[in-house]
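Geometric and topological summary
Here is how the chains run, residue by residue.
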Amino acid sequence: MNSYSVCPLCTPARGSIMTGLYPHQSGIIDNCDVGASTQEYLPKSSITWLDRRQESGRKTGYFGKWHLGLDWQSKETGVEFDICRIESDRLKHETRIPEATVTERGQLKNMQDPRSAKKSDDDYVPFYKKLDSIEKRFEYKVTKKTMEFLEKNRDKPWCVTASLVGPHFPNSNPEPFYIMYDQVDIPMPKSMYDTFQNKPWYQSRKWWPSIDTEYFDEHEWEKTIRAYYGSISLMDYFIGQILEKAKECSGGRKTIVIFTSDHGEMLGNHGKFDKHAYCYEDVIRTPLLVCPDLKGEQEKNVCANNCNTLDIAQTFFELAGCKCKNGRSLFKISEDKKEKKEDIYCNYYKYNGHSFEIRAIKEGNIKYSFIPQDIDELYDLSTDPNEMINLSDDYLCDILDFLPEAGTIGKPEYPSLKKNYDNN
C-alpha cells in the first residue's frame, strides 16, 4: 500500500499510531522534552491498542522506543513494558525551562561550526559513526527483550511490539554493516540543490542542529547515505531474528505481522537531513508490510491503495475486537480491488517548540499545503515527482482572475482545486 504519516514527527505520529487519534484530538502535537517544546506526555487516561490487546486475553508486550513520555508507562495495564533506555525524567520534565537551540528565524544560536563535531572520517555524529560491537546498538537490547518475551509466552496467545530506533540518526553501525555499502555507487538526489525559490521562507533555515548540512560536500553525503543504508540492513538483521523466534513460538497459531514507521527521512533530498516542518513525500511516505500469517504460504501481493497512520491503528484495534475513532482496517483497504486512491491528509503543528500549523491534502498526484506563515505549496507529482516547482502562485492567480468585479451581487462558486488546476 501507499502508506502515509498523519504528521511526520516522532511523538505526534507515535501518538496517532497508538491511539488512533489525530494529533489535534489526542493533544500530542510536538515532540516530548526536546528543545523549546512544552508538549505534555500521553496521559494515563489515553486508551491504546496495547490496552485492548491485553484485555482481549493475550499476553501483551512492548519493547523499545516509546517517545510519548512517562504517564502511560506508569499506569497498571498488565502490559509487559520496557523501553530499554532512559527517555524521560519526571523531575526534569516538571522543572525544565524549554530552550530552543535556534532563533525564531531558524538560525543556530551557538554559532558553532558544525564541522567541529567531526572527530574522524569514521565518526561524525549525528550523521555516521563506526561502533565497536553490535551490543552497543539500542536495538540489540530491544531484540533480546522481545525474544525473551516470546520464549516465555510460547504456550499462550500473545501480542508483542518491537520498536526500533533505526534507521534514524545517529546512524552508528558496527561491522559488517558499517562498510556494507562502501562500494555501492551513491547518486546524489535530484532535488539536493533545491534553492527554495518560491517556497516558504523557513524551509531554507536550520531548525535543529542535525539539519545543518550547509558544509556538506558529496563525500559527506555519500558517507551519510551509506550509513543510513547500513542502518536499514542492521534493522533487517534484528527483525529477522525476531521473526524467526516468533515463528518458533507461535505454536502453529495464525500470526499476523505488521511492519511500519512513524515518518520518513530526507537523506539529502532538498539538501536536508532528518526532517522538519514540511510535507515532502520523503518524510510523509512510510514503509508498510503486512503478513497475514507468518507461518502461512500466502502469495506476495502489492496493493496500490492509499492508507495512513490511523488505518494502521484501526487495524490493531480491530484485531483486539474493537474500534478506534478514525481509519479503516488495512485488510479492508487491501481487499478493495478498485485501487481506490483515498485522499491523504497530513498536518504539522509544532517542531520542538516552534509553531508551523501546516495542513496538507494529497488528491491523486496533486498535493496542496496550506501554510499560514508564508506562501502555500502546490505540487503536481506526475510531472514534478521531486517537488521542486511550487505552483501555488499560479493557482492563486487563477483564483484572482476568477473573482467577480467589484459590485457584483452574489458569491461565485469556486472551482475545486483539481478541476481548476487541470483546466489551466
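The rules behind each value
- Residues numbered from 1 in each chain as written.
- Predicted model: local features only at pLDDT ≥ 70, side-chain atom pairs only at ≥ 80, totals over all residues.
- Heavy atoms only, no water.
- Core = buried A, V, L, I, M, F, W, Y, C linked by side-chain atoms within 4.5 Å.
- Buried < 20%, exposed > 50% of the residue type's maximum accessible area, 1.4 Å probe, protein only.
- Helix = DSSP H or I, 4+ residues; strand = E, 2+ residues; numbered from the N terminus.
- Contact = heavy atoms within 4.5 Å.
- Pairing = 2+ DSSP bridges.
- pLDDT = per-residue confidence, 0-100.
- Axes fitted to C-alpha atoms, helices over the stretch in contact; angles between N-to-C directions.
- Parallel < 35°, antiparallel > 145°, perpendicular 65-115°, else oblique.
- Nonpolar A, V, L, I, M, F, W, Y, C, P; charged D, E, K, R; others polar.
- Salt bridge = Lys/Arg side-chain N within 4 Å of Asp/Glu carboxyl O.
- Disulfide = S-S within 2.5 Å.
- Phe/Tyr/Trp six-rings, centres within 6.5 Å; stacked < 30°, edge-to-face > 60°.
- Lys NZ or Arg CZ within 6 Å of the ring centre and 35° of its normal.

**A closer look at the nonpolar core**
In summary, soluble globular proteins display a tendency toward joint burial of nonpolar side chains. The biggest cluster of nonpolar side chains holds 28 residues, and the ones touching the most others in it are Tyr202, Trp207, Tyr348, Tyr351, Phe356 and Ile358. Sorting the residues of this core by element identifies helix H7 (281–284), strand E13 (344–351) and strand E14 (354–363) as the ones contributing at least two each. With 4 residues, E13 is the largest single contributor of residues to this core. Non-local contacts of Phe356, meaning those with residues more than four positions away in its chain, are made with Tyr202, Trp207, Ala277, Tyr348, Tyr349, Tyr351, Pro372 and Gln373.

**Some words on the pairing of E13**
With respect to burial, E13 is a largely interior element, 6 of its 8 residues being buried. Alignment of E13 against E14, held across 7 bridges, turns out to be antiparallel. Residue pairing in the sheet places Asn347 in a bridge with Arg359 of E14. Taking the residues between adjacent antiparallel strands as the criterion, E13 and E14 are bridged by 2 residues, where Asn352 takes a positive phi near 50 degrees.

**Describing the confidence of the model for the protein**
Model confidence for the protein is summarised by a mean pLDDT of 90, while 92% of its residues fall at 70 or above. Low pLDDT, under 50, characterises residues 406–424; the stretch is placed with 20 contacts to residues that sit more than four places away or in other chains.

**Describing the packing of helix H5 (residues 138–152) against helix H6 (residues 218–248)**
Running from N to C, H5 and H6 point in directions that differ by 5 degrees, and their axes come no closer than 9 Å. Taken as axis vectors, H5 and H6 run roughly parallel relative to one another. For the pair formed by H5 and H6, the contact residues are Glu139, Tyr140, Thr143, Thr146, Met147, Leu150 and Glu151 on the first element and Met235, Phe238, Gln241, Ile242, Lys245, Ala246 and Glu248 on the second. Per-class residue counts for the contact of H5 with H6 are 7 nonpolar, 3 polar and 4 charged.

**Description of the sheet that holds strand E6 (residues 128–130)**
The mixed open sheet is built from 4 strands, whose spatial order is E4-E5-E6-E8. Whereas interior strands pair on both sides, the edge strands pair on one side only; in this sheet they are strand E4 (118–120) and strand E8 (172–173). Two strands pair when backbone bridges link them, and strand E5 (residues 123–124) and E6 are joined in this way by 2 bridges, in the antiparallel orientation. Paired with Asp123 across the bridge in E6 is Lys129.

**Remarks on unusual backbone geometry**
The omega torsion of the bond from Phe169 to Pro170 falls at 0 degrees, within 30 degrees of zero and hence cis. Following Glu175, the chain continues into Pro176 via a peptide bond in cis, with omega recorded as 5 degrees. Tracing the sequence through the fold places Pro176 in the loop between E8 and H6. The residue Phe196 is not glycine, and still its phi comes out positive at about 60 degrees. Residue placement: Phe196 occurs in the loop between E8 and H6. Non-glycine residue Asn352 carries a positive phi angle of around 50 degrees.

**Regarding the pattern of salt bridges**
Following the criterion strictly, the structure yields 28 salt bridges and no others. A salt bridge links Arg14 to Asp262; its shortest N-O distance comes to 3.0 Å. Linking Arg14 in helix H1 (residues 10–19) with Asp262 in the loop between strand E9 (257–260) and H7, this pair joins segments that are 248 residues apart in sequence. You'll find Arg14 and Asp262 in the same group, each marked buried.

**Some points on the sheet that holds strand E16 (residues 377–380)**
Strands sit in the order E13-E14-E15-E16 across an open sheet of 4 strands; the sheet is antiparallel. Of all the strands in the sheet, just E13 and E16 have a single pairing partner and so form its edges. Put simply, the sheet's adjacent strands are angled 15 degrees from each other on average, direction ignored.

**A few points about the state of the cysteines**
Applying the stated criterion across every chain, the model contains 0 disulfides. Residue Cys279 stays outside any disulfide, its sulfur separated by 3.7 Å from that of Cys346, the closest cysteine. A relative accessible area of 5% means that Cys346 is categorised as buried.

**Quick look at H1**
Across the 10 residues of H1, 10 count as buried, placing the element largely inside the fold. Buried residues belonging to H1 abut helix H2 (23–26), helix H3 (49–55), strand E2 (59–64), strand E7 (158–163) and helix H8 (309–319). Directly after H1, the chain includes Gly20, whose backbone phi takes a positive value near 75 degrees.

**As for the packing of aromatic side chains**
Using the criterion set out here, one finds 23 aromatic pairs in the structure. With centroids separated by 6.0 Å and ring planes inclined at 50 degrees, the aromatic side chains of Phe169 and Phe273 adopt a geometry described as tilted. In this pair, Phe169 is assigned in the loop between E7 and E8 and Phe273 in the loop between E9 and H7, connecting sequence segments 104 residues apart. In this structure Phe169 comes out as buried when scored by relative accessible area, which is 19%. According to the relative accessible area criterion, Phe273 is buried, its value standing at 0%. Ring geometry for Trp201 versus Tyr202: centroids 6.0 Å apart, planes at 85 degrees, classification edge-to-face. By relative accessible area, Trp201 is classed as partly exposed at 23%. By relative accessible area, which is 1% here, Tyr202 ends up buried. Through a chain of ring-to-ring contacts, the aromatic side chains of Tyr124, Phe127, Tyr128, Phe169, Phe216, Trp221 and Phe273 assemble into a single cluster. Directly above the ring of Phe138 sits Arg85, whose terminal nitrogen or CZ lies 4.6 Å from the centroid.

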